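Each chain, letter by letter, is given below.
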Amino acid sequence: MRIKEIISRVNLPARASMGYLGASLVGKAVGFLTTPFFTRLISKEEYGALTLYMTVLGGASVICSAFSSGSAVYRGFKKYEGRIDGYLKSSLVVSLCFSLLICILLFTFMPFIGLDRVFFVPLALQILCDTAVSVSLAYSRFRYKYVEVMAVGILSSVLPALASLMILTKFGCGCGVRIYSLLAISLISAVAAIIRIFRRPGRADRKMVRYNLSSSLPLLPHSLSVALSGQADKLIITSLMGAAALAKYSVAHSLGIALQFAVTALGSALGPWIIRRLDSGESSRISEILMPIFSLFCALSLGICALAPEAMGILAPNEYFDATPSIIPIALSIPLSLLSYTVTVSLVHAEKGRYTAVISIINLGLCVILNYTLIPHLGYIGAGLSLLLSQLTAVLIGVALLSRIKLSEIIPLRQAAKYFVLSCGLGLLADYLYGSLALRVLLLTIPAVFGLRGLFACARIIREK
């Protein structure tokens, strides 16, 4: 009863956020716990091939999210709340059709990507399965049915990793074990999601389909930009340095973006909440919760920067260590992704989808140019810097566009800049002190101060009804 009483004091969006964070934390923990085994059970070339497959899959999933789980989908749920079952079915049909188109394009460009054609069938099936599950989970998030989202998230991350690890340990083989283990679990989840959606009583119609298309298409440039810019570093490293280099960078990259799961989880809960606050004209409340969370992420990112060498030693053998310097700029880019997500949701709500396209096109072009410019000269750290600089540019442009629609108060630029500049300075100092673990731990007392302040501010806000 005491636990129920404590939970009842926390507002629903905060409970959903904590649920999503918990599920994501379990998935991330499983990933980190199994990575040391995968990097040692298969060769660098095989691990590089697996990373390339997951890179292409991740990029395709982000592109498809414009139709399956983007801000426009939540907006559609709000618009058709009285006929939400029909809109849910319309979203599924549109999302699957678009995902099929992406699969056809991937098959066409596979030789240029460098992915073996033998992986096309599992890749296509995986994309379609992920799309179906994504639509179903978008509805659950909109209704704050966070227990369902948690269950799917935990099972889909834990079961494939454990199954593939058991098979590799006993029989060996290569990266295909990990790919097909993931697909098997996804097929089960997708079938369950489709059955669940079509058992609902509502009917889809052309008007809903047109609305889904008209509201989601403006987000497509943004999704393309996020997908390509988020994976450009890996694709360019593969083309310039080979699969073994990609294997090394992927371990460093996964460590650098370790907090991305938390940003994604919070975004899943904050997205519907931001839309409702904007609907009620309470845009100032968004910054009240956004800045404490941003400061907390800055502090946590510095924790990754300070402990990067030791973490790399756990995750991979010594031959992977030359990619370690890239962790700092990658980790520092994570808090910026929270601001980018907030910008996107706000612009879509204001029916300024074309603004997100502007941000996306500039961000993508800058990311590709920086990667091709910096990687040949700086190697792995050049890839990390490209990500950080392109993410920073996207945030600055987004804030400028928010000011044009009188929503600049959502992201207080000076306050955010204070935390970000301090984080960059401390990150560089942590890199300089890589030879001394004691000094790096002592350095963490500074971000601990503003991180705890942000945590206490968040604790106060989540108790508000």
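Residues numbered from 1 in each chain as written. Predicted model: local features only at pLDDT ≥ 70, side-chain atom pairs only at ≥ 80, totals over all residues. Heavy atoms only, no water.

Mind showing me how you'd approach the pattern of salt bridges here?
Side-chain pairing between opposite charges can occur once the charged atoms of the two side chains come close. What the rule picks out here adds up to four salt bridges. Where R200 meets D85, a salt bridge forms, and the shortest distance between an N and an O atom there is 2.5 Å. Note that R200 is positioned in the loop between helix 8 (176-198) and helix 9 (206-216) and D85 in helix 5 (residues 84-113), a separation of 115 residues in sequence. Taking relative accessible area as the criterion, R200 reaches 22% and is therefore assigned partly exposed. (Salt bridge = Lys/Arg side-chain N within 4 Å of Asp/Glu carboxyl O. Helix = DSSP H or I, 4+ residues; strand = E, 2+ residues; numbered from the N terminus. Buried < 20%, exposed > 50% of the residue type's maximum accessible area, 1.4 Å probe, protein only.)

Help me understand the layout of surface pockets, please; the structure alone is not making it clear to me.
If you roll a probe as big as a water molecule over the atoms, it shows you where there is empty space left. If you add up the space inside the second largest pocket, you get close to 410 Å³. For the lining of the second largest pocket, the secondary-structure elements that each account for two or more residues are helix 3 (44-68), helix 5 and helix 10 (220-241). Here the lining of the second largest pocket gets seven residues from one element, more than from any other, and that element is helix 5. Looking at the lining of the second largest pocket, its residues break down into 15 nonpolar, three polar and no charged. (1 Å grid on protein atoms, 1.4 Å probe; cavity = no way out; pocket = protein on both sides within 12 Å on 5 of 7 lines; lining within 4 Å. Points joined across faces, edges and corners; volume = space filled by probe spheres on them. Nonpolar A, V, L, I, M, F, W, Y, C, P; charged D, E, K, R; others polar.)

Any chance you could explain the packing of helix 7 (residues 146-171) against helix 8 here in plain terms?
What describes two packed helices is the angle between their axes and the distance between those same axes. Contact pair helix 7 / helix 8: the axes reach a minimum separation of 8 Å and the direction vectors enclose 150 degrees. Between helix 7 and helix 8, the crossing angle belongs to the class labelled roughly antiparallel. When the axes of helix 7 and helix 8 are compared, the crossing they make is right-handed. Contact residues: helix 7 offers E148, L155, S156, L159, P160, A161, A163, S164, I167 and L168, while helix 8 offers V177, R178, S181, L182, I185 and R196. When grouped by side-chain class, the residues that make up the contact of helix 7 with helix 8 number ten nonpolar, three polar and three charged. (Axes fitted to C-alpha atoms, helices over the stretch in contact; angles between N-to-C directions. Parallel < 35°, antiparallel > 145°, perpendicular 65-115°, else oblique. Left-handed = near helix turned anticlockwise from the far one by under 90°. Contact = heavy atoms within 4.5 Å.)

Explain the packing of helix 5 against helix 9 to me, please; I cannot follow it from the model alone.
At their nearest, the axes of helix 5 and helix 9 sit 9 Å apart, and the two run at 60 degrees to each other. The pairing of helix 5 with helix 9 is recorded here as oblique in orientation. Between helix 5 and helix 9 lies a crossing of right-handed hand. When helix 5 is examined against helix 9, the residues G86, Y87, S90, S91 and V94 are found in contact with a partner set consisting of M208, V209, Y211, N212, L213 and S215. Here the residues of the contact of helix 5 with helix 9 are counted per class, giving six nonpolar, five polar and no charged.

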